[in-house]
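Understanding the architecture of this molecule
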Amino acid sequence: MPDIILATNSPRRRELFKEICSSFLVEGEEIDESWAKSLLPLECVRELASEKASAAFTKHPANLIIACDTIVVLEGEIIGKPLDHDDAVRILKKESGKTHEVITAYCFQYEGKKFINECHSHVKFNKLSDELIENYLEKYAPYDKAGAYGIQDSTKEYPIIEEFSGSFTNIMGFPLAEIKKDLTEFCGELDINTDFLH
């Protein structure tokens, strides 16, 4: 069985993947994402997941690569990670009281075969006061998250989310059920033993 490489720099994705995979290696790949921002949202997120997988594959051509990319889409605009505190404030004010879509694309690559799919969820924000935004940013510093928030951070004390639909783990950036299902099928087609899944 080939080693599993999770191509990510995200601690959340590493922790989530442990829930379905018993043994894997982590290889964070920094890629230039600026070129993809001109693409349509779905094309953008799928291309970035594919590029991350390809970048890891060049270093680990004998391994099974898993890579993801997550974007927030609000009123047709792709909302990425905030540049700094002021940008995070701007993003959260823009999301306040509105519903946006979260898309995570995931890519598997092994030898000559590549598989790409995506998962969609929707998140509705509460109306956010300036005080709540500042307190939330001070507490959680979500500067490494698309949309400047983490759904797991929405609590009674920091009620940023009113409701959501779809996969909760997709909104966190790693849709567990969907990835496990597709990974099982992908490995089956390539006759890869799936004992590493649980």
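Our subject in this report is the structure included herewith. None of the values given here were measured: they were computed from a predicted structure.

All chains considered together, the criterion is met by 10 aromatic pairs. For the pair Phe17 and Phe174, a centre-to-centre distance of 5.5 Å together with 65° between the ring planes defines the contact as edge-to-face. Remark: Phe174 occurs in the loop between helix H5 (168–171) and helix H6 (176–189) and Phe17 occurs in helix H1 (residues 11–17); sequence separation between them is 157 residues. With respect to class, Phe17 is no different from Phe174; both count as buried. An aromatic cluster is present here, built from Tyr106, Phe108, Phe115 and Phe186 joined pairwise through their rings. Stacked on the ring of Tyr140, the Lys or Arg Lys139 has its end atom at 5.9 Å from the ring centre.

All right, on to the layout of surface pockets then. Considered as a void within the structure, the largest pocket measures approximately 660 Å³ in volume. Taken together, 31 residues make up the lining of the largest pocket; nearest its centre are Arg13, Lys52, Asp69, Lys81 and Asp144. At the level of elements, H1, helix H2 (41–59) and strand S3 (64–74) are the ones that each hand at least two residues to the lining of the largest pocket. Tallying contributions element by element places S3 first for the lining of the largest pocket, with five residues.

Counting buried positions over the 12 residues of strand S5 (residues 99–110) gives 10, a clear majority of the element. Of the strand pairs in this sheet, S5 and strand S6 (residues 113–125) are connected by 12 bridges, and their pairing is antiparallel. Pairing of Glu101 across the sheet is with His122, part of S6. The hairpin formed by S5 and S6 contains two residues between the paired strands, and Glu111 there has a positive phi angle of roughly 50°.

Our focus in this paragraph is unusual backbone geometry. In this model, Glu111 sits at a positive phi of 50°, which is unusual for a non-glycine residue. Checked against the element boundaries, Glu111 lands in the loop between S5 and S6. Phi is positive for Asp191, close to 60°, though the residue is something other than glycine. Position of Asp191 among the secondary structure elements: in the segment after H6.

Criteria and cut-off values
Residues numbered from 1 in each chain as written. Predicted model: local features only at pLDDT ≥ 70, side-chain atom pairs only at ≥ 80, totals over all residues. Heavy atoms only, no water. Phe/Tyr/Trp six-rings, centres within 6.5 Å; stacked < 30°, edge-to-face > 60°. Helix = DSSP H or I, 4+ residues; strand = E, 2+ residues; numbered from the N terminus. Buried < 20%, exposed > 50% of the residue type's maximum accessible area, 1.4 Å probe, protein only. Lys NZ or Arg CZ within 6 Å of the ring centre and 35° of its normal. 1 Å grid on protein atoms, 1.4 Å probe; cavity = no way out; pocket = protein on both sides within 12 Å on 5 of 7 lines; lining within 4 Å. Points joined across faces, edges and corners; volume = space filled by probe spheres on them. Pairing = 2+ DSSP bridges.

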